[in-house]
Amino acid sequence: MIFYYLRLAAISLRRNWGQTTLMILAIGLGIGVCMSIVTINYLMAKDPIPDKSSQLYYVQLDNWDPNRPAESPNEPPDQITWMDHQALMSAAKAFRQTGNASATAIIRKPDDDNFRPFLARIRGNHADFFPMFDVPFLYGTGWTSDAHRDWGADQVVVLSRETNDRLFGGEDSVGREITLGNPTEFSSNLFRVIGVLDEWRPVPRFYDLTSNYFSDPAEIFIPFGLILSQGLSRSGNTNCWKPTGDGLRAFLGSECVWIQYWTELRNHQEKADYMAYLDQYVTEQKEGGRFPRPLNNRLSNVNEWLDHENVVQPEAKMLLAVAVMFLVVCLLNTIGLLLSKFLGKSSEIGVRRALGASRGSLMYQYLVETAMIGFGGGLLGLLLTWLGLESMLAIFGSDASNLMRLDLNMVVAAVALAIASAIGAGLYPTWRACRIDPAAQLKSQ
Amino acid sequence: MLDMKGIARIYQTDLVRTHALRDLTLTVNEGDFTAVVGPSGSGKTTFLNIAGLLEDFDEGSYLLDGENVAGLNDRQRSKLRNEKIGFIFQGFNLIPDLNVFDNVDVPLRYRGFPAAERKRRIEEQLERFGLTGRIRHFPSQLSGGQQQRVAIARALAGDPRFLLADEPTGNLDSASASGVLDLLEGLHTSGTTIIMVTHDPALAARAPSSIHLQDGRVVGNDEAAA
């Protein structure tokens, strides 16, 4: 009967095209507005690495000012110092671990005079970064975790896929060379390409939530130590609670925090062991006069860290509530239109009842019709969602482009929501229509 | 086939209690052509609705083909209505959005016949009533007489046990009315059981038997014409 009902629905919708258009518009508008906001919230809130998010832990050590916390009420700083980074990496107590920080550099191709240099986002990290975060490779690999190489003995780079496209037209560039230079100086050094990433765009960019975490990942990855040894310009947040002194050496020996530190801990025991290690480390440091605040180390898995950093802004949640309310208003209008439509079919309902239709079969027939309206509304809603996201992209710029994308999940969700909403809106009008007394309708004709 | 005993139907509002039918007893056998006659308000429509399983009754018993219809749920009543009863209405009651073929198809869809069987039955009925050339026409493109013939074809397409006709010529001019009555008589002659509700004594006279209703009661039973 489903095909029969679909055909009847098509006939009915075509006959009352004005009313049909209004209903599709109402649902489409509601879905369009709602899904635009839902899409942004969904991409903000979704688990960026679902298979491992419960095993990846962000490390916080409270080396802050004894008189005030890094953040109220008693939060430790959201990054660690160079000294602590060195110590934790050297101890290597976790299954995997990496510190990472961002920098910028001017990229050139030494063998191509016509190539126009560009300023690239660099990420300094350790070898474990790639397997920890399931980073996919198109060509080559990352560098090894051999301590010598991991701290930057070799001048090697891993390129993002987009950067490889830009530099080498997408070819396998492993073994080719590029130069990275400090934007404020004219010097630059040769780096050998050892790997090219495949498409990798975690949203949000969970491994560094200190700045614009919805922007694209770095364009070039280098061994962490090269940021310092090559004199690249650091670009991330740096926070200090007391004077650092002059020069790089003083900065590295200071209590300034600028490095994000991640560990991979495969189970509760590893987590407990690592926490114990951190407490022991800080206790030892206290004896040396550091860490003046009470012991306050933290290990947060990916989702806990996203929550802690308020990746989904309260304003976004409020906007979502408003969008849902707007959808409800649109659906209330649709209910009114459907009520008018179906009660206008009283005589047909009477005839169908007389000819053998049960209330259930009529309910089925008219819900198919409302589902069809919902499908139309869903398609219109998708178009409006896309237009809405494009408009927001135009307003907020390319930094938000990772949030303004309709993926397949959201396309399916939009159409499913539209159909479900329409059916939901159609339940009461359909129920009312099916309660019509057929005898009265037949006599009144 | 249709056996009603002591049927009563009472409409109750806050202020008024109306007996639409009182102690109605009626038997219609296979092959009968019975007219139910009475003035306006006599209970004809209530009788038709109860006989057609469109309305419940408050007292008495109603056996349709030996099956007690009291206590059946909506789905069971709908199935029984679809399989055993064919309706012919005064206002034809064709669905305006559907063409002739699709209108006749409606009861067959609810019966669950396969497509080929439905097509065969529809074409057979339309040919029987001279409507083959109107198969893709919509009701608004047909005359009153043609519409009533489509309605009769629709009523008969599912091979019901009896036809319930409610003032079947009430909306027709005399020529068309005569044609429809000839059709009904022809159907009766070929063995179809018909119950016709009318207020028109002249029309009732065309039926071999009739019962007279007044104030919800049977006040006369006439089989003289039979």
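All values reported here derive from a predicted model rather than from experimental measurement.

Draft legend 1. Just the overall build of chain B, in detail. The number of helices and strands found in chain B is seven helices and 10 strands. Looking at the 226 residues of chain B, the share that counts as buried comes to 47%. For chain B, long-range pairs separated by at least 24 residues make up 68% of all intrachain contacts whose partners lie at least 6 apart in sequence.

Draft legend 2. Spotlight on the overall build of chain A. Across its full length, chain A carries 15 helices and 11 strands. Considering chain A as a whole, with its 445 residues, one finds that 41% of them fall into the buried category. Restricting to contacts in chain A with at least 6 residues of sequence separation, those with at least 24 account for 77%.

Draft legend 3. Summary view of the sheet that holds strand β4 (residues 59-64) of chain B. All names here are of chain B. Spatial ordering of the open sheet is given by β2-β1-β4-β5, a layout of four strands whose pairing is antiparallel. At either margin of the open sheet sits one strand with a lone partner, and together these are β2 (17-28) and β5 (67-68). When β4 meets β5, the two strands line up antiparallel, connected through two bridges. Residue pairing for β5: Leu64 is matched across the bridge by Glu67.

Draft legend 4. How the structure looks around the interface of chain A and chain B. Contacts between the two partners involve 21 residues from chain A and, on the opposite side, 21 residues from chain B. Put simply, the parts of the chain that give the side of chain A that touches chain B at least two residues each are α1 (2-15), α12 (346-354), α13 (359-396) and α15 (438-444) of chain A. Of all the elements, α12 of chain A adds the most residues to the side of chain A that touches chain B, at five residues. When grouped by side-chain class, the residues that make up the side of chain A that touches chain B number nine nonpolar, six polar and six charged.

Draft legend 5. Layout of the packing of helix α2 (residues 17-45) of chain A against helix α14 (residues 408-434) of chain A. Residues and elements named next belong to chain A. Viewed as axis vectors pointing N to C, α2 and α14 meet at an angle of 140°, and their least axial separation amounts to 10 Å. With respect to α14, the axis of α2 lies oblique. Crossing geometry of α2 relative to α14 is assigned as right-handed. Along the contact surface, α2 presents Ile27, Ile31, Met35, Thr39 and Tyr42, while α14 presents Met410, Ala414, Leu417, Ala418, Ser421 and Ala422. Looking at the contact of α2 with α14, its residues break down into nine nonpolar, two polar and no charged.

Draft legend 6. Up close: the confidence of the model for chain B. Put simply, chain B has an average pLDDT of 89, and 98% of its residues get 70 or more. Predicted complex, confidence summary: ipTM 0.92, pTM 0.68.

Draft legend 7. Representation of unusual backbone geometry within the structure. Residues and elements named next belong to chain A. Here the residue pair Ser72 and Pro73 is connected by a cis peptide bond, since its omega of 0° sits within 30 degrees of zero. With an omega dihedral of -5°, the bond running from Val203 to Pro204 counts as a cis peptide bond. Here Pro204 lies in the loop between β7 (188-197) and β8 (220-223). One non-glycine residue, Asp134, lies in the positive phi region at around 50°. Position of Asp134 relative to the elements: it lies in the loop between α4 (129-132) and β4 (137-140).

Draft legend 8. Representation of the packing of helix α11 (residues 314-343) of chain A against α14 of chain A in the model. Residue and element names in this part refer to chain A. Direction vectors running N to C along α11 and α14 enclose 35°, while the axes themselves pass 8 Å from each other. In terms of crossing hand, the pair formed by α11 and α14 is right-handed. Residue-level inspection shows Leu327, Leu331, Thr334, Ile335, Leu338, Leu339, Phe342 and Leu343 of α11 in contact with α14, the latter providing Ser421, Ala422, Ala425, Gly426, Tyr428, Pro429, Thr430, Arg432 and Ala433. Split into classes, the residues belonging to the contact of α11 with α14 amount to 12 nonpolar, four polar and one charged.

Draft legend 9. Up close: the nonpolar core. Counting residues in hydrophobic clusters, the biggest one holds 107 residues, and the most contacted among them are Ile27 of chain A together with Phe47, Leu164 and Ile194 of chain B. Counting residues per element, this core draws most heavily on α2 of chain A, which supplies 12 residues. The contacts of Ile194 of chain B, once residues within four sequence positions are left out, are Phe33, Phe162, Leu163, Ala165, Leu184, Leu187 and His188 of chain B. Listed in part, the 58 residues of the second largest apolar core include Phe206, Ala218, Ile259 and Leu265 of chain A.

Draft legend 10. Molecular detail of the sheet that holds strand β10 (residues 217-222) of chain B. Residues and elements named next belong to chain B. Across the sheet, which stays open at both edges, the six strands sit in the order β6-β7-β8-β3-β9-β10 with mixed pairing between neighbours. A single partner strand is all that each edge strand has here, and the edge strands are β6 (85-88) and β10. Across this sheet, the average inter-strand angle for adjacent strands is 20°, counted without regard to direction. Taken together, the four bridges between strand β3 (residues 33-37) and strand β9 (residues 209-214) define a ladder with parallel strand orientation. Across the sheet, the residue bridging to Thr34 is Ser209, located in β9. Sitting on the sheet, helix α5 (residues 144-157) touches β6 and β7 (162-166), and the angle it makes with β6 is about 170°.

Draft legend 11. Fine view of the pairing of β9 of chain B. Residue and element names in this part refer to chain B. As judged from the five bridges shared by β9 and β10, these two strands associate in the antiparallel manner. Bridge pairing in β10 links Leu213 to Val218. Where β9 hands over to β10, the hairpin turn is made up of two residues, of which Asp215 adopts a positive phi near 50°.

Draft legend 12. Quick look at helix α6 (residues 174-189) of chain B. Residues and elements named next belong to chain B. Between the first and last C-alpha of α6 there are 22 Å, a value that for 16 residues agrees with the 22 Å anticipated at 1.5 Å per step. Buried within α6 are the following residues: Val180, Leu184 and Leu187. Across the axial projection of α6, the buried residues extend over an arc of 60°, all falling on one side. Of the exposed residues in α6, those oriented more than 90 degrees away from the buried face are Ser174, Ala175, Asp182, Gly186 and Thr189. In this fold, the buried residues of α6 make contact with α5, β7 and β8 (193-198). Backbone geometry just after α6 places Gly191 at a positive phi near 110°.

So, how was this worked out
Residues numbered from 1 in each chain as written. Chains lettered and ligands numbered in written order. Predicted model: local features only at pLDDT ≥ 70, side-chain atom pairs only at ≥ 80, totals over all residues. Helix = DSSP H or I, 4+ residues; strand = E, 2+ residues; numbered from the N terminus. Buried ≥ 20, exposed ≤ 12 C-beta atoms within 10 Å, placed from the backbone. Contact = placed C-beta atoms within 7 Å. Pairing = 2+ DSSP bridges. Nonpolar A, V, L, I, M, F, W, Y, C, P; charged D, E, K, R; others polar. Axes fitted to C-alpha atoms, helices over the stretch in contact; angles between N-to-C directions. Parallel < 35°, antiparallel > 145°, perpendicular 65-115°, else oblique. Left-handed = near helix turned anticlockwise from the far one by under 90°. pLDDT = per-residue confidence, 0-100. Core = buried A, V, L, I, M, F, W, Y, C linked by C-beta atoms within 7 Å. Expected span 1.5 Å × (residues − 1). Arc of directions from axis to C-beta.

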